[in-house]
Amino acid sequence: MSKVSTSKLGTAVITGASSGIGKVYADRLATRGYDLLLVARRADRLQAIAHDLQSLHSVHVEYLVADLASPTGLSETIRKITAEPSITLLVNNAGTVFFGPLETTSQTTLTTMVALNVTALTALTMAVLTTFQKRNSGMIINIGSVGGFNGLSILAVYGGTKAYVLNFTQALQKQLSGTGIRVQLVTPAATATEIWDTSGFPISNVDPATVMSTEDCVDASLQGLDAGELITAPALEDEGVLRSFEAASEALFNATQTGQAASRYGLTR
Ligand SMILES: NC(=O)c1ccc[n+]([C@@H]2O[C@H](COP(=O)([O-])OP(=O)(O)OC[C@H]3O[C@@H](n4cnc5c(N)ncnc54)[C@H](OP(=O)(O)O)[C@@H]3O)[C@@H](O)[C@H]2O)c1
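Treat the numbers as computed from the prediction; the structure is a model and nothing was measured.

A. View of the pairing of strand 2 (residues 35–40). Burial of strand 2 is extensive: six of the six residues sit out of reach of the surface. Here strand 2 shows two buried faces, one formed by Asp35, Leu37 and Val39 and the other by Leu36, Leu38 and Ala40. Note that strand 1 (residues 11–15) and strand 2 share five bridges and pair parallel. When the sheet's bridge partners are listed, threonine 15 is paired in strand 2 with valine 39. In the classification by handedness, the crossover that spans strand 1, the intervening helix 1 (residues 20–32) and the parallel strand 2 is right-handed. Pairing geometry for strand 2 and strand 3 (residues 61–65), over five bridges, is parallel. Each residue of the ladder has a partner; that of alanine 40, found in strand 3, is valine 65. For the handedness criterion, the β-α-β arrangement of strand 2, helix 2 (residues 43–56) and strand 3 is classed as right-handed.

Right, here's the structure in full:
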């Protein structure tokens, strides 16, 4: 960044800030007083958002035009993040989705989904973690999806990438427990954004009653962050379902630590 952050809260990096959920995060974090580094591919959008936020709030807003699914764009972003000690918050939000049976997913779509939803999210987390660990403080918000909780038939790859985000974030939360570094997983359900336009499944196919606004999604997620939630599912009314899921996941893993084939397989060795 050309200018050192002037905010007491430091700088929040938001990937995928040119539209949808990321754009609302940019607005809300600027309102809270963070300086911002916005990352996405569409320069015109980023420029307009940076200009608007800087005029509305007394914060410094920079943007970086980068394709995070490409090794070059990712490396450039990592270089920028690593060189900036004022970064205190990373919102790993950029993501892409394709709905459809696996055989209709092109090689390019597959590669991009994994590169953006998995590789970039992981590499950017590693990039900020080094700085955060040196000063024992910082926050990471990973945007997963309810699609990561369940293997939906038309979301084999996307659901898989978001299941990765769930497992990756939970592992990191355990590793960093007791430190000053916080990691939150946000799992939106259907949210009204542009992501649906290129997904192969227009949002008009979805019952409007099940679609949340981007503003509600982000505002609920930030409330969850303030409340210290590790996993925030903005659309989930009964938190008990999430607690049962976490408990069942832990119990399932523990129950497999036997070293023996289960008796139902009838092995007699
Ligand atoms: N909307 C939903 O129903 C829903 C539900 C669950 C989870 N989510 C998750 O929410 C996150 C945000 O998505 P959204 O719904 O807000 O969709 P969106 O409006 O399409 O936003 C996606 C953002 O990611 C950026 N992006 C896409 N490809 C990129 C690339 N290769 N390099 C850098 N930036 C890239 C886009 O900007 P550029 O095109 O300018 O690069 C855009 O800013 C995603 O991780 C998505 O999986 C969404």
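From this point, the discussion proceeds with the structure in view.
B. Structural view of the pattern of salt bridges. All told, the structure shown has eight salt bridges when counted by the stated rule. Aspartate 27 serves as the salt-bridge partner of arginine 28, at 2.7 Å between the closest nitrogen and oxygen. When the shortest N-O distance is used, the salt bridge between arginine 243 and glutamate 239 registers 3.4 Å. One end of the pair is arginine 243 and the other is glutamate 239, both in helix 7 (residues 239–255) and four residues apart, which spans about a single turn. Its relative accessible area of 44% is what places glutamate 239 among the partly exposed residues. Beyond isolated ion pairs, a larger network of salt bridges with shared partners links Asp27, Arg28 and Asp219.

C. Examining the site of the ligand more closely. What surrounds the ligand is a group of 30 residues, the closest being Arg41, Asp67, Asn93, Tyr158 and Thr193. Between the ligand and asparagine 93, the relevant distance is 2.7 Å, taken from an oxygen atom to a main-chain nitrogen or oxygen of the residue. In this structure, tyrosine 158 approaches the ligand through a side-chain N or O atom, which is 2.6 Å from an oxygen atom. Coverage of the ligand by the protein amounts to 95% of the 870 Å² it exposes when considered alone. Mapped by element, the contributors of at least two residues to the shell around the ligand are helix 1 and helix 5 (156–176).

D. Structural view of helix 1. Taking 1.5 Å of rise per residue, 13 residues should cover 18 Å, and helix 1 covers 19 Å from first to last C-alpha, within 8% of that figure. After helix 1 finishes, the residue glycine 33 shows a positive phi value of roughly 110 degrees.

E. Inspection of the packing of aromatic side chains at higher detail. A complete count under the given rule lists five aromatic pairs for this structure. Arranged with centres 6.4 Å apart and planes meeting at 40 degrees, the rings of tryptophan 196 and phenylalanine 201 form a pair that is tilted. With relative accessibility at 9%, the residue tryptophan 196 sits in the buried group.

F. Structural context of unusual backbone geometry. Positive phi values are uncommon outside glycine, yet asparagine 136 reaches one of about 50 degrees. Of note, asparagine 136 is situated in the loop between helix 4 (107–135) and strand 5 (138–143). Asparagine 136 gets classed as partly exposed once you look at its relative accessible area, which sits at 42%.

G. Structural detail: the packing of helix 1 against helix 6 (residues 214–226). Orientation of helix 1 relative to helix 6, taken along the N-to-C sense of each, is 50 degrees, at an axis distance of 9 Å. With respect to helix 6, the axis of helix 1 lies oblique. Crossing hand, helix 1 versus helix 6: right-handed. Across the interface between the two elements, Gly20, Ile21, Val24, Tyr25, Arg28, Leu29 and Arg32 from helix 1 touch Thr214, Glu215, Cys217, Val218, Asp219, Ser221, Leu222 and Asp226 from helix 6. Along the lines of polarity and charge, the residues of the contact of helix 1 with helix 6 split into seven nonpolar, three polar and five charged.

H. Up close: the packing of helix 3 (residues 71–82) against helix 4. Direction vectors running N to C along helix 3 and helix 4 enclose 20 degrees, while the axes themselves pass 9 Å from each other. One finds that helix 3 runs roughly parallel with respect to helix 4. Crossing of helix 3 against helix 4: the hand is right-handed. Only Thr119, Ala120, Ala123, Leu124, Ala127 and Val128 of helix 4 make contact with helix 3, whose side of the interface consists of Leu74, Thr77, Ile78, Ile81 and Thr82. Considering only residue class, the contact of helix 3 with helix 4 consists of eight nonpolar, three polar and no charged.

Cut-offs applied
Residues numbered from 1 in each chain as written. Predicted model: local features only at pLDDT ≥ 70, side-chain atom pairs only at ≥ 80, totals over all residues. Heavy atoms only, no water. Buried < 20%, exposed > 50% of the residue type's maximum accessible area, 1.4 Å probe, protein only. Helix = DSSP H or I, 4+ residues; strand = E, 2+ residues; numbered from the N terminus. Pairing = 2+ DSSP bridges. Right-handed = clockwise from strand over helix to strand, strands pointing away. Salt bridge = Lys/Arg side-chain N within 4 Å of Asp/Glu carboxyl O. Near = heavy atom within 4 Å. Polar contact = N/O pair within 3.5 Å; in protein donor to acceptor, adjacent residues only side chain to side chain. Areas by Shrake-Rupley, 256 points an atom, 1.4 Å probe, with all protein chains shown as cover. Expected span 1.5 Å × (residues − 1). Phe/Tyr/Trp six-rings, centres within 6.5 Å; stacked < 30°, edge-to-face > 60°. Axes fitted to C-alpha atoms, helices over the stretch in contact; angles between N-to-C directions. Parallel < 35°, antiparallel > 145°, perpendicular 65-115°, else oblique. Left-handed = near helix turned anticlockwise from the far one by under 90°. Contact = heavy atoms within 4.5 Å. Nonpolar A, V, L, I, M, F, W, Y, C, P; charged D, E, K, R; others polar.

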